[in-house]
Amino acid sequence: MNLKNKKLIVGNWKMNGTQESARDLAADLAEKWFATPSCHQIVVCPPFPYLSITLNRLFGTEIACGAQDCSIYEKGAYTGEVSAFMLKDIGCDYVIVGHSERRQHHRETSELVCQKAEIACKSGLIPIICVGETLADREGQKTLEVLEEQLKTSIPVIDQGFAIAYEPVWAIGTGKTATTAAILEVHTFIRTWLQKNRKKAADALILYGGSVTDQNAQEIMSLAHVDGVLVGGASLKAETFWQIIQSA
Ligand code: 13P
């Protein structure tokens, strides 16, 4: 992934919208892209059923598409699962793995997340591997310890081709963004950890996520070791998402 001097700006639509709203949102983003193409790498991650319609509407732009999860299996009798190869096959370039909502509500472990990241890479997708502490971890002064454990077990030993998203659980969907000092501390910690433990992937992109808006994106993206943002709620409106992109 060569995004030198570019930011990676990812919209995670989560389980929101309808076929019609996905199509309209993608069409609005395409229109904005054609009017003022961005030099940054933009990615949107719609729910599985709306991937194709989104890809279709984004055709001709350089806005990429990603999924919000993938199976650890390549193919076969795994009812309900979606393989990374299928996602690549329909035109996706990215996949989010280990989002805290999956860790929390679907009991995904870091070992499973690591397997997902590995198969994503094998299929030619770029996994965006999420890590982040809970409020209890932060209040108990355990943030870096918890993150180190998540990094150790979730980040595969591969050369390159993945991004990490630091998303403090308590900042997701709450309107409580981490302070710039906290973001800087964690991103520097993750970069140093990569340099020590995943030398060949030492320059993997590190994104911040958690209540990113058009009001705070610029300040967050100007911090050292913040290579982009993973945006939830504010990516559901073309206008706000585009403002975030333009503030990069
Ligand atoms: P919000 O931007 O809505 O806080 O969500 C962040 C997130 O979980 C992105 O993956």
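Structure: above.
Draft legend 1. Geometry of the overall build of the chain. A count of helices and strands for the chain gives ten helices and eight strands. Taken against the 2.2 N^0.38 rule, which gives 18 Å for 248 residues, the C-alpha radius of gyration of the chain at 17 Å falls within 12% of a compact globule. Overall, the C-alpha framework of the chain stretches about 45 × 45 × 30 Å when taken along its three principal axes. Buried positions account for 52% of the 248 residues belonging to the chain. Long-range pairs, those at least 24 residues apart, make up 72% of the contacts in the chain with a sequence separation of at least 6. Total accessible area computed for the chain in this model is approximately 11700 Å², and 49% of it derives from carbon and sulfur atoms. Across the chain, 24 positive and 28 negative side-chain charges occur, with their mean positions spaced 3 Å apart.

Draft legend 2. A look at the site of the ligand. Taken together, 13 residues lie near the ligand, and K14, H99, G173, S211 and G233 sit nearest. S211 places a polar main-chain atom, nitrogen or oxygen, 2.8 Å from an oxygen atom of the ligand. When the ligand sits alone it has 310 Å² of accessible area, and the protein chains cover 94% of it. A per-class count over the shell around the ligand returns four nonpolar, seven polar and two charged.

Draft legend 3. Helix α7 (residues 143-154), seen in detail. Its twelve residues place the ends of α7 16 Å apart at the C-alpha level, agreeing with the 16 Å of an ideal helix rising 1.5 Å per residue. Buried within α7 we find T143, V146, L147, Q150, L151 and S154. Seen end-on, α7 carries its buried residues on one side only, within an arc spanning 135°. Of the surrounding secondary structure, the elements contacted by the buried residues of α7 are α4 (100-105), α5 (110-123), β5 (126-131), α6 (135-139), β6 (163-166) and α8 (180-197).

Draft legend 4. Broad picture of the side chain of R191. Topologically, R191 is positioned in helix α8. On the basis of relative accessible area, R191 is assigned to the buried category, the value being 9%. Residues within four places of R191 in sequence aside, it is in contact with A202, D203, A204, I206, H225 and D227.

Draft legend 5. The arrangement of the packing of helix α1 (residues 19-35) against helix α2 (residues 51-58) in detail. The geometry of α1 relative to α2 is characterised by a closest axis approach of 8 Å and an angle of 25° between their N-to-C directions. Judged by the inter-axis angle, α1 sits roughly parallel to α2. Pair α1 / α2 crosses with right-handed handedness. Within the contact between the two elements, α1 uses Q19, A22, R23, A26, A27, L29 and A30 and α2 uses I53, T54, R57 and L58.

Draft legend 6. How the structure looks around the side chain of D227. When you line up the elements, D227 lands in the loop between α9 (217-221) and β8 (228-231). Overall, D227 belongs to the buried group, its relative accessible area being 16%. Separated by 2.9 Å, the side chains of D227 and R191 make a polar contact. Reaching out from D227, the side chain makes a polar contact with the backbone nitrogen of I206 at a distance of 2.8 Å. Residues within four places of D227 in sequence aside, it is in contact with K6, K7, L8, R191, A204, L205, I206 and L207.

Definitions and cut-offs
- Residues numbered from 1 in each chain as written.
- Predicted model: local features only at pLDDT ≥ 70, side-chain atom pairs only at ≥ 80, totals over all residues.
- Heavy atoms only, no water.
- Helix = DSSP H or I, 4+ residues; strand = E, 2+ residues; numbered from the N terminus.
- Rg over C-alpha atoms; globule rule 2.2 N^0.38 Å.
- Buried < 20%, exposed > 50% of the residue type's maximum accessible area, 1.4 Å probe, protein only.
- Contact = heavy atoms within 4.5 Å.
- Areas by Shrake-Rupley, 256 points an atom, 1.4 Å probe, with all protein chains shown as cover.
- Lys, Arg positive; Asp, Glu negative; His and termini not counted.
- Charge placed at Lys NZ, Arg CZ, Asp CG, Glu CD.
- Near = heavy atom within 4 Å.
- Polar contact = N/O pair within 3.5 Å; in protein donor to acceptor, adjacent residues only side chain to side chain.
- Nonpolar A, V, L, I, M, F, W, Y, C, P; charged D, E, K, R; others polar.
- Expected span 1.5 Å × (residues − 1).
- Arc of directions from axis to C-beta.
- Axes fitted to C-alpha atoms, helices over the stretch in contact; angles between N-to-C directions.
- Parallel < 35°, antiparallel > 145°, perpendicular 65-115°, else oblique.
- Left-handed = near helix turned anticlockwise from the far one by under 90°.

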